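Overview (structure and organization)
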Amino acid sequence: MRTREPSERGDQAYPPLPEALVVPVYDNHTHLEIADGDDPIDFREQLDRASAVGVRGVVQVGTDVETSRWSARQAAREPRMLAAVALHPNEAPELAAAGELDDALAEIAELATWPRVRAVGETGLDFFRTGEDGRDAQYRSFEAHIAIAKENGIALQIHDRDAHAEVVATLKRVGAPERTVFHCFSGDAEFARLCADNGWYMSFAGNVTFKNAGTLREALEVAPRALLLVETDAPYLTPTPYRGRPNAPYLVPHTLRAMAAHLGTDVSMLAAQISSNTELVYGRWEDDAVEAR
């Protein structure tokens, strides 16, 4: 397990369990390999807590070779977990500078063939943390990940930060996989319409509940229900009313209920739609787990 860097945050106890959902959903994107909080919780207990409140499964997401390997191995053993494997865009420039990017991409390509690895991600472009000198490596890595997803017929999970136009241009130029997901959707209503026009899924995280996230809620309003997903991005982006405390898959109900309230729809109806959408993207979690390699 990796430990999240300490910060100046206040209360670092995990929040209490929310009221259980009547209709279960899945957490589209989480990082259970990261230990967080004053009293870190083992990923198995995290999954037990999630099960208790109606979160029936998670997509565990890698961000480098090490965490992708961990994700694939745990998903092979754990029927409540599927895996996504990738090099985070901010990893690509460092790997390229060390002459290690091609070898790392080759390992991601091998992991993507495992049965319970159902997505390539998180990959994409991040111009917030990477300057112009690192962008060529990010583009090369992103395009390689797109190819890996298409070669294996699995979904693509996109990390897109300060790079909406460039991500879209890349998808258009090389061709997006059939199932493409914008994880932790961060666009406005216009960008949501663009994603909808292309059949790309939009996954909303806990930040859609934040008081200052009006633009995100406007995007939620125009996103077709058939393209909606929900996620935690745990241990980050803990939803209101526990913003700043450690996040976990069992807190998905807070985000889902906030989404339903804003859309003026029934929570169970929205949960049923999102659950169906998630299975269309990744397949069924009930597939038999295999022996870890």
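Throughout this description, residue numbers start from 1 for each chain and increase along the sequence as written. Whole-chain, interface and lining totals are the exception, using all residues; otherwise, since this is a predicted model, local features are given only for residues with pLDDT of at least 70 and side-chain atom pairs are given and counted only at 80 or more. Excluded from the side-chain calculations are hydrogens and water; all other atoms, namely the structure's heavy atoms, are used.

1. Details of the overall build of the protein chain
Strands here are runs of E lasting at least two residues and helices are runs of H or I lasting at least four, both read from the DSSP assignment and numbered beginning at the N terminus. Secondary structure assignment for the protein chain yields 10 helices and 10 strands. The globule rule is 2.2 Å times the number of residues to the power 0.38, and the radius of gyration it is compared with is taken over C-alpha atoms. At 18 Å, the protein chain has a C-alpha radius of gyration in line with the 19 Å of a compact globule built from 293 residues. With the C-alpha coordinates aligned to their principal axes, the bounding extent of the protein chain is approximately 50 × 40 × 40 Å. A 1.4 Å probe rolled over the protein chains alone gives each residue an accessible area, and that area as a share of the maximum for its type sets the label: buried under 20%, exposed over 50%, partly exposed in between. Per-residue burial for the protein chain yields a buried fraction of 56% across its 293 residues. Element-wise, carbon and sulfur atoms account for 47% of the exposed surface of the protein chain, whose accessible area totals about 12100 Å². Positive charges are assigned to Lys and Arg, negative charges to Asp and Glu, while His and the chain termini are left out of the count. To locate a charge, take atom NZ for lysine, CZ for arginine, CG for aspartate or CD for glutamate. Across the protein chain, the 29 positively charged side chains and the 46 negatively charged ones have centroids separated by 4 Å. The Shrake-Rupley method, run with a 1.4 Å probe, gives the accessible areas here. Residue values count only the displayed protein chains as cover.

2. Some remarks on the pattern of salt bridges
Just to be clear on terms, a salt bridge is a Lys or Arg side-chain nitrogen sitting within 4 Å of an Asp or Glu carboxyl oxygen. Within the structure shown, the criterion is met by 10 salt bridges. For the salt bridge of Asp-42 with Arg-44, the shortest nitrogen-to-oxygen distance reads 3.3 Å. Take Arg-44: its relative accessible area is 45%, and that puts it in the partly exposed class.

3. Overview of the sheet that holds strand S4 (residues 55-61)
Strands are treated as partners if at least two bridges between them are detected by DSSP. Ordered by their spatial adjacency, eight strands build an open sheet running S2-S4-S5-S6-S7-S8-S9-S10, and the pairing between neighbours is parallel. Both edges of this open sheet fall to strand S2 (25-30) and strand S10 (228-230), since each of them pairs with a single strand only. Each adjacent strand pair in this sheet contributes to an overall mean axis angle of 30°, direction not counted. With four bridges joining them, S4 and strand S5 (residues 81-85) adopt parallel strand pairing. Pairing of Val-58 across the sheet is with Met-81, part of S5. Each axis is a line fitted through C-alpha atoms, and for a helix only the stretch in contact is used; angles between axes span 0 to 180 degrees, taken between their N-to-C directions.

4. Examining the nonpolar core
Counting residues in hydrophobic clusters, the biggest one holds 87 residues, and the most contacted among them are Leu-171, Phe-182, Phe-185, Phe-204 and Tyr-282. Once you skip the residues sitting within four places of it in the chain, Phe-185 turns out to touch Phe-191, Ala-192, Cys-195, Met-202, Ser-203, Phe-204, Leu-216 and Ala-219. Joining through side-chain atoms within 4.5 Å is the link that ties buried Ala, Val, Leu, Ile, Met, Phe, Trp, Tyr and Cys residues into a set, and such a set is a nonpolar core. Contacts between residues were defined by any pair of non-hydrogen atoms, one from each residue, lying within 4.5 Å.

5. Considerations on the packing of helix H7 (residues 189-197) against helix H8 (residues 214-222)
Relative orientation of the contacting elements H7 and H8 amounts to 35°, with a least axis distance of 8 Å. The interaxial crossing formed by H7 with H8 has right-handed handedness. Packed against H7, whose contacting residues are Ala-189, Ala-192 and Arg-193, the element H8 presents Glu-218, Ala-219 and Val-222 at the interface. Residues that form the contact of H7 with H8 fall into these classes: four nonpolar, no polar and two charged. Note on convention: the crossing is left-handed when the near helix lies turned anticlockwise from the far helix by less than a right angle, right-handed when the turn is clockwise. We call Asp, Glu, Lys and Arg charged. Ala, Val, Leu, Ile, Met, Phe, Trp, Tyr, Cys and Pro are nonpolar, and the rest, Gly among them, are polar.

6. Focus: unusual backbone geometry
Look at the link from Gly-121 to Glu-122: it is a cis peptide, with omega at 10°. Looking at the element boundaries, Glu-122 is found in strand S6 (residues 117-126). The amide bond that connects Thr-240 to the next residue, Pro-241, takes the cis arrangement and shows omega of 15°. Inspection of the secondary structure puts Pro-241 in the loop between S10 and helix H9 (252-263). Phi is positive for Asp-233, close to 55°, though the residue is something other than glycine. Relative to the assigned elements, Asp-233 resides in the loop between S10 and H9. Positive phi, normally seen in glycine, also occurs at Leu-237, with a value near 55°. Looking at the secondary structure, you find Leu-237 in the loop between S10 and H9. Leu-237 sits in the partly exposed class, given a relative accessible area of 26%.

7. Concerning the pairing of S5
On a regular strand, each side chain points to the face opposite its neighbour's, so the side chains alternate between the two faces of the sheet. Summarising burial for S5: five of the five residues are buried, a large majority. Burial along S5 is two-sided: the face carrying Met-81, Ala-83 and Val-85 and the face carrying Leu-82 and Ala-84 are both buried.

8. Points about the packing of helix H5 (residues 135-152) against helix H6 (residues 164-174)
It is the contact of H5 with H6, at a shortest axis distance of 11 Å, that shows an interaxial angle of 50°. The orientation of H5 relative to H6 falls into the category oblique. Crossing geometry of H5 relative to H6 is assigned as right-handed. Every residue of H6 that contacts H5 at Tyr-139, Phe-142, Glu-143, Ile-146 and Lys-150 is listed here: Glu-166, Val-167, Thr-170, Leu-171, Arg-173 and Val-174. Grouping the amino acids of the contact of H5 with H6 by side-chain chemistry returns six nonpolar, one polar and four charged. Any angle that falls under 35 degrees is termed roughly parallel, while one over 145 is termed roughly antiparallel, one within 65 to 115 roughly perpendicular, and all others oblique.

9. Let's talk about H9
In this model, H9 (12 residues) spans 17 Å end to end at C-alpha, consistent with the 16 Å of a helix rising 1.5 Å per residue. Within H9, burial applies to Val-252, Pro-253, His-254, Thr-255, Leu-256, Met-259, Ala-260 and Leu-263. Check the buried side of H9 and you find it contacts S2, S4, strand S9 (201-204), H8, S10 and helix H10 (267-282). Count one or two residues on from H9 and you reach Gly-264, which has phi positive near 65°. Helix span, as expected, comes to 1.5 Å for every residue beyond the first.

Function cannot be read off these values alone, since they describe shape.
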